[in-house]
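What the coordinates show
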Amino acid sequence: MTSRLANILKAATIALMAMALGACVNNTTEPFGQSQVVGFDAVVAPTAADQSRAIISDLNYPETQPFMAYASWLGEGKNWDDNKAEAVAFIGGNKVEYDTYLAGKWTTQTPYYWPTMGSLTFWAYAPYMESATLRSKFAFSHTTGDLTITDWDVAAQQDVDLMVADVQKNLTSDIAASGVPVAFRHKLALVSFKAGLIQDYVLGGTTYHLYLQRVELHMVKTKGNYSSLADQWSGQSEEESVVIYQNTSGSEANGYDVTTDISANVGQVLVMPQVHLAAADLSQAYVHVEWYDSKDGTTGSKNVNLRNAITDSHWAINNHYTYLLLWERGEPKYIEFTTPSVDAWANGGSYTITIN
């Protein structure tokens, strides 16, 4: 009976603490006499390139882009890895903005105060979704720490550079005095295309020109489900076509120098992480390219199955792949994909594609 009574008292204590926390974190009441507001430190994200697509262009998270945060509380002497099943929701998913509610700080509209006992563990994703429909695709468990995304459609949300922050465990006001550190990592992949001529297009003393008209990705999966615990996507589906570049008049492909990389930027897209499969037909992921050749006055085109051209072709989380479309006039005539390069994203691997 003594053991049973102790268990009942313990459960009651946890329940009362959860009620107390729930009552105080949803308003500006200062819990346990503590007045330090929970703030967030400078947000950084290894990334690359194009603000026009809302892709973070450097290591500094933009102050104009809110994000969503969660936190779980554990009592004194507890730690996340060993005691997560006992965790109590502290921040249940709130919009965090810069310099809106507290000057020079990242904070929530409703202030949350550091508890004087126990610790907090934090999660976050970016950007904050103004659309309630998009927010409904995200779910979080305070007792497992799994942040999940269901049925994400990267084709429909090309303006969303989806990121999830590293979990920050067992923090107190002393440990995170300057704010909760938030370091985001990209959860999609970024694919870029460039185009150029390997050498000047001169034959018999006459200079000709080549004009790129269209670049497309076909049969690429655009939907999937994400789990932060596994840090991977599953259930990829919805094979669609993605237009990277189109110009009926054509854009001239100028010279390309492998040492200085002066090839023209064609375009880039966010893509769902996935593995590509080989195929003898056009039933699997491939690149379609069209161009106009001024020498013959004709339009040429090529379809390239990615897996046939690259042995382990795939797009991984947080990787930026740059494909170079290179033409060499004369013999042989072919388009070559040289080694994809990586900017501030993780290295996606080394590949060469030659099209005969």
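Everything below is about the structure printed above this text.
Quick summary incoming for the structure in this document. (Residues numbered from 1 in each chain as written. Predicted model: local features only at pLDDT ≥ 70, side-chain atom pairs only at ≥ 80, totals over all residues. Heavy atoms only, no water.)

**Focus on the overall build of the chain**
For clarity, the cut-off: Put simply, DSSP H or I for four residues or longer makes a helix, DSSP E for two residues or longer makes a strand, and each gets a number counted from the N terminus. Any residue under 20% of the maximum accessible area for its type is buried, any over 50% is exposed, and the rest in between are partly exposed; the area is computed with a 1.4 Å probe on protein chains only. The contact criterion used throughout is that any non-hydrogen atoms of two residues lie within 4.5 Å. Surface exposure here means Shrake-Rupley accessible area, sampled with a 1.4 Å probe, where a residue is shielded only by the protein chains that are shown.
Looking only at helices and strands, the chain has four helices and 23 strands in total. Looking at the chain as a whole, 47% of its 356 residues are labelled buried. In the chain, the proportion of contacts linking residues at least 24 apart, taken out of those at least 6 apart, comes to 69%. Surface exposure of the chain reaches about 16,400 Å², of which carbon and sulfur atoms provide 49%.

**What to know about unusual backbone geometry**
P127 follows A126 through a cis peptide bond whose omega is -5°. Even without being glycine, D99 reaches a positive phi, approximately 60°. Positionally, D99 belongs in the loop between strand 3 (88-98) and strand 4 (106-108). Of note in this structure, N318 is not a glycine but carries a positive phi near 65°. Looking at the secondary structure, you find N318 in the loop between strand 20 (314-315) and strand 21 (320-328). Note on N318: relative accessible area 13%, which makes it buried.

**Here we look at the pattern of salt bridges**
Should the charged atoms of two oppositely charged side chains come close, the side chains can pair. The line we're drawing: Within this document, salt bridges are pairs made up of a side-chain nitrogen of Lys or Arg and a carboxyl oxygen of Asp or Glu, the two lying within 4 Å of each other.
Scanning the model with the defined rule gives eight salt bridges in all. A salt bridge links K78 to E86, with the shortest nitrogen-to-oxygen separation between them at 3.3 Å. Given a relative accessible area of 29%, K78 falls into the partly exposed group. As a salt-bridge pair, E216 and R214 come within 2.2 Å of each other at their nearest N and O atoms. Under the relative-accessibility criterion, E216 is labelled buried at 8%.

**What to know about the pairing of strand 14 (residues 210-227)**
Our working rule: Pairing between two strands is assigned when DSSP locates at least 2 bridges connecting them.
The element strand 14 is extensively covered by neighbouring structure, given that 13 of its 18 residues are classed as buried. The pairing of strand 7 (residues 147-153) with strand 14 spans four bridges and is antiparallel. Counterpart to D153 in the pairing with strand 14 is K223. Sheet topology places strand 14 next to strand 18 (residues 286-293); eight bridges connect them, and they run antiparallel. Counterpart to L210 in the pairing with strand 18 is D293. Judged from the twelve bridges that link them, strand 14 and strand 15 (residues 232-252) form a sheet pairing that is antiparallel.

**Here's the deal with the nonpolar core**
Condition: For the purposes of this section, nonpolar cores are sets of buried Ala, Val, Leu, Ile, Met, Phe, Trp, Tyr and Cys residues that join through side-chain atoms within 4.5 Å.
In terms of nonpolar packing, the biggest core is built from 29 residues, with F193, V215, L217, W315 and W327 touching the most fellow members. When contributions to this core are tallied by element, the ones reaching two or more residues are strand 11 (189-197), strand 14, strand 15, strand 16 (264-271), strand 18 and strand 21. L147, I149, V154 and I317 belong to the second-largest nonpolar core, a separate cluster that totals 26 residues.

**A closer look at the side chain of N83**
Tracing the chain through its elements places N83 in helix 2 (residues 80-83). Beyond its immediate chain neighbours, meaning those up to four positions away, N83 contacts L74 and K78.

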